[in-house]
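# Architecture at a glance
One letter stands for each residue in the lines below.
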Amino acid sequence: MCGIAGSARIWGASGELRLVESMVESLRHRGPDQVSMFRSECFVGGLARLSILDIQGGAQPFVSENGRYVAFFNGEIYNAPALRRWLTNRGHVFSSDCADGEILPHLFEEHAIGFASHLEGMFAVAIWDRELRTLYLARDPHGIKPLYFTLDGGVASFASELKALLIPGSVELEPHKLD
């Protein structure tokens with residue numbers, strides 16, 4: 001089990017590195033083996049990783065060959081070996097031997113937003129498109145791996161657990177009366 005979290009500003013200012021670091025730290029119990037952060041123009045993403053497959057080579061985030069797509073991943077992709085072979089035959093190069101999440105930015109490069117329909121397994125995925133400055137989120141159809149998100153004042157934030165989105169400064173909570 002891993003924990004992923006991040007924040008993207010819709011209108012271009014830099015993402016809040018310290019805030020996302022706090023979000024990831026709140027998920028540390030989900031993945032004590034690696035904590036990593038990625039920051040670009042208006043996106044900050046992070047991960048607390050539990051190493052299961054390809055312990056040495058499965059470090060995240062996973063990045064496409066051209067550096068455009070950056071993927072954070074929690075879960076297991078059962079058909080990853082078949083997808084890896086297909087992607088290799090299409091010319092994609094992998095740096096690890098069997099990290100299932102490494103296929104994600106490459107699959108996104110081939111299928112864009114339709115990439116998730118090719119996945120079999122339990123997963124939560126965040127893909128940042130550095131060129132379009134666009135964040136894509138996907139999870140398995142059964143919701144086995146949770147993925148929460150919020151849009152607040154031009155900022156899109158996501159996390160594997162709700163408590164990471166409730167870190168002070170991440171979102172403003174406004175009570176609403178239910179009718």
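Structural data are supplied above this passage.
What this report covers is the structure whose coordinates are included nearby.

Rules and cut-offs
The numbering scheme is per chain: residues are counted from 1 as the chain's sequence reads. Owing to the predicted nature of the model, reporting of local features is limited to residues with pLDDT of at least 70; listing and counting of side-chain atom pairs is limited to 80 or more, with chain, interface and lining totals taken over all residues. Excluded from the side-chain calculation are hydrogens and water; included are all heavy atoms of the structure. Pairing between strands is defined by DSSP: at least two bridges between the two strands are required. Going along the chain from the N terminus, every DSSP run of H or I of four or more residues is numbered as a helix, and every run of E of two or more is numbered as a strand. Exposure categories follow from relative accessible area, calculated using a 1.4 Å probe and restricted to protein chains: below 20% of the type maximum is buried, above 50% is exposed, and the middle band is partly exposed. Contacts: residue pairs with any heavy atoms within 4.5 Å of one another. Working convention: axes come from line fits to C-alpha atoms, limited for helices to the stretch in contact. Angles between N-to-C directions cover 0 to 180 degrees. A carboxyl oxygen of Asp or Glu within 4 Å of a side-chain nitrogen of Lys or Arg is what we treat as a salt bridge.

Bringing the pairing of strand 7 (residues 134-139) into the picture now. A regular strand carries its side chains on alternate faces of the sheet. Examined bridge by bridge, strand 6 (residues 121-129) and strand 7 share six bridges and lie antiparallel to one another. Opposite Ala124, over in strand 7, you have Arg139 as the bridge partner. Between strand 6 and strand 7, which pair antiparallel in sequence order, lie four residues; one of them, Arg133, sits at a positive phi of approximately 55°.

Positive phi, normally seen in glycine, also occurs at Ala112, with a value near 50°. Along the chain, Ala112 falls in the loop between helix 3 (103-111) and strand 6. Its relative accessible area of 38% is what places Ala112 among the partly exposed residues. Positive phi outside glycine occurs at Arg133, with the angle close to 55°. The class of Arg133 is partly exposed, set by a relative accessible area of 43%.

By the secondary structure assignment, Arg39 is in strand 2 (residues 34-40). Between the C-alpha atom of Arg39 and that of Ser7, which follows or precedes it by 32 residues, the distance is 9.8 Å.

What follows deals with the environment of Gly75. Looking at where Gly75 falls in the secondary structure, it is placed in strand 5 (residues 69-77). When near neighbours in sequence (up to four residues on either side) are disregarded, Gly75 contacts Asp100, Met122, Phe123 and Lys145.

Ordered in space as 4-5-6-7, the four strands form an open sheet in which the pairing is antiparallel. Because the sheet does not close on itself, it has two edges, and the strands there are strand 4 (62-63) and strand 7. Set on the sheet, helix 3 makes contact with strand 4, strand 5, strand 6 and strand 7; between it and strand 5 the angle comes to about 115°.

Using the criterion set out here, one finds five salt bridges in the structure. Its salt-bridge partner being Glu131, residue Arg68 comes within 3.6 Å of it at the nearest N-O pair. Here Arg68 is found in the loop between strand 4 and strand 5, whereas its partner Glu131 is found in the loop between strand 6 and strand 7, with 63 residues between them in sequence. Between Lys163 and Glu161 there is a salt bridge, with its nearest N and O atoms 3.9 Å apart. The exposure class of Lys163 is partly exposed, given its relative accessible area of 42%. Accessibility expressed as a relative area gives 17% for Glu161, which makes it buried. Each of Arg68, Asp129 and Glu131 takes part in one network of salt bridges that share partners.

So yeah, pure geometry; function would need other evidence.
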